[in-house]
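Here's the letter readout for the chains.
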Amino acid sequence: MTDREDPNRLPTILVIGFPKSGTSTLQRAFTASGLTSAHWTWNGNAIGRLIYDGWFEKGDPLALLTGLDAVTQMDFCHPESGRNYWPNLDISLLLVIRRLHPGVKLIFNARPYDATVDSFARWQGWGALVERVTRADIPGLPAGRGDRHEDLTRWIEAHHAAIRDIFDYDPNFLDLDITAPDARQRLSSFIGRPLAWWGVENANPTPGEDEEPDEEVEKRETGNSTPEAPAGGPRSD
């Protein structure tokens, strides 16, 4: 049995940047290239919830992500259902992952700040995502902040700087401008396999290079009920 046939394997590739920064493109690129990759949810559960449950119940943030090669989006911001998880912005948790899994490859997907903020504003029709992050309490962006362009810009810029300060000298860290002409080549070299597909996935309705689940995809991924509780028992979210 190869490593990728092992149902108990844990992911070796984690995307740790913001949403609206190429996560859907990375998801399609990985799955098209033979990797088992999860975006937003895994086995009916929000990935962010699985990561926190793994940490607090098992002592390993990746413990409940069995059967995966990669995770392309950890955050799950759905305040209307009471679910709000941002492990990708939780620096202390990322450092735990690095300590427990020194070989895991961390991909910091990034775009210019203004382009990311513009994508937040345009997702699902001008303001839906901005409204969500403003309502939610998120690392670096407390509830009630986020409805101004400058709020989002400062949030994103500060987090980008912090991640680079901490991980820039890590050999298993890739700072990837998803819009750069050499992004495909750099990513392929970093993960050690050719990419069978590269492009723009789930672009917003107006021109741009951003991607995220559109409304129909979100309905499939969030469903109408709370995801099943992972091993360790139900939690009140």
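Residues numbered from 1 in each chain as written. Predicted model: local features only at pLDDT ≥ 70, side-chain atom pairs only at ≥ 80, totals over all residues. Heavy atoms only, no water.

Q: I'd like a description of the side chain of Gln27, backed by residues and values.
A: By the element assignment, Gln27 lies in helix 1 (residues 23-32). Side-chain polar atoms of Gln27 contact the side chain of Ser37, separated by 2.7 Å. Other than its neighbours up to four places away in sequence, Gln27 contacts Ser37, Ala38, His39 and Thr72. (Helix = DSSP H or I, 4+ residues; strand = E, 2+ residues; numbered from the N terminus. Polar contact = N/O pair within 3.5 Å; in protein donor to acceptor, adjacent residues only side chain to side chain. Contact = heavy atoms within 4.5 Å.)

Q: How would you explain the packing of aromatic side chains if you had to name every residue and give the values?
A: Aromatic rings considered in pairs are described by the distance between their centres and by the relative angle of their planes. Using the criterion set out here, one finds seven aromatic pairs in the structure. Between the aromatic rings of Phe108 and Phe173, the centroid separation amounts to 6.2 Å while the plane-to-plane angle is 25 degrees, which identifies the pairing as stacked. Remark: Phe173 occurs in strand 9 (residues 173-177) and Phe108 occurs in strand 8 (residues 105-110); sequence separation between them is 65 residues. When the ring of Phe167 is compared with that of Phe173, the centres are 5.8 Å apart and the planes differ by 20 degrees; the resulting orientation is stacked. As far as burial versus exposure is concerned, Phe167 and Phe173 are alike and both buried. The rings of Phe18, Trp86, Phe120 and Trp155 are connected pair by pair, giving a single aromatic cluster. For Lys105, the ring lying beneath its charged end belongs to Phe190, and the centroid distance is 4.8 Å. (Phe/Tyr/Trp six-rings, centres within 6.5 Å; stacked < 30°, edge-to-face > 60°. Buried < 20%, exposed > 50% of the residue type's maximum accessible area, 1.4 Å probe, protein only. Lys NZ or Arg CZ within 6 Å of the ring centre and 35° of its normal.)

Q: Describe the environment of Thr116, with residues and values.
A: Mapped onto the secondary structure, Thr116 falls in helix 4 (residues 113-122). In sequence terms Thr116 and Ser21 are 95 residues apart; their C-alpha atoms lie 6.4 Å from each other. Every residue in contact with Thr116, bar those within four places of it in the chain, is listed here: Pro19, Lys20, Ser21, Arg111 and Ile156.

Q: Hey, could you go over helix 7 (residues 183-191) for me, with residue numbers and the actual values?
A: Residues of helix 7 that are buried include every one of Ala183, Leu187, Ser188, Phe190 and Ile191, and no others. Relative to the axis of helix 7, the buried residues are bounded by an arc of 165 degrees and lie together on one face. Relative to its buried face, helix 7 has exposed residues pointing more than 90 degrees away, namely Gln185 and Ser189. Buried residues along helix 7 sit in contact with strand 1 (13-15), helix 1, strand 8 and strand 9. Phi for Gly192, located one or two positions after helix 7, is positive at around 75 degrees. (Arc of directions from axis to C-beta.)

Q: Can you lay out the environment of Leu187 for me, pointing to particular residues and giving the numbers?
A: You can see Leu187 is positioned in helix 7. The spacing of Leu187 and Leu176 is eleven residues in sequence and 7.6 Å in space, taken between C-alpha atoms. Beyond its immediate stretch of four places on either side in the chain, Leu187 contacts Leu26, Phe30, Ile107, Leu174, Leu176, Leu195 and Trp198.

Q: Describe unusual backbone geometry, listing the residues and the values that go with them.
A: With a phi close to 80 degrees, Trp40 is a non-glycine residue in the positive phi region. Relative to the helices and strands, Trp40 is located in the loop between strand 2 (37-39) and strand 3 (41-42). For Trp40, a relative accessible area of 4% translates into the label buried. At Asn43, a residue that is not glycine, the phi angle is positive and equals roughly 55 degrees. Its location among the elements puts Asn43 in the loop between strand 3 and strand 4 (45-46).

Q: An account of the environment of Leu14 is requested, with residue identities and associated values reported.
A: With respect to the element layout, Leu14 can be found in strand 1. Exposure remark for Leu14: the relative accessible area of 1% places this residue in the buried category. Separated by 60 residues in the primary sequence, Leu14 and Met74 have C-alpha atoms spaced 8.5 Å apart. Residues in contact with Leu14, not counting those within four places in the same chain, are Leu62, Val71, Met74, Ile97, Val104, Lys105, Leu106 and Ile107.

Q: Quick one: what's the story with the pairing of strand 5 (residues 70-73), residue by residue and with numbers?
A: In terms of strand pairing, strand 1 meets strand 5 through two bridges, oriented parallel. Paired with Ile13 across the strands is Ala70, a residue of strand 5. (Pairing = 2+ DSSP bridges.)

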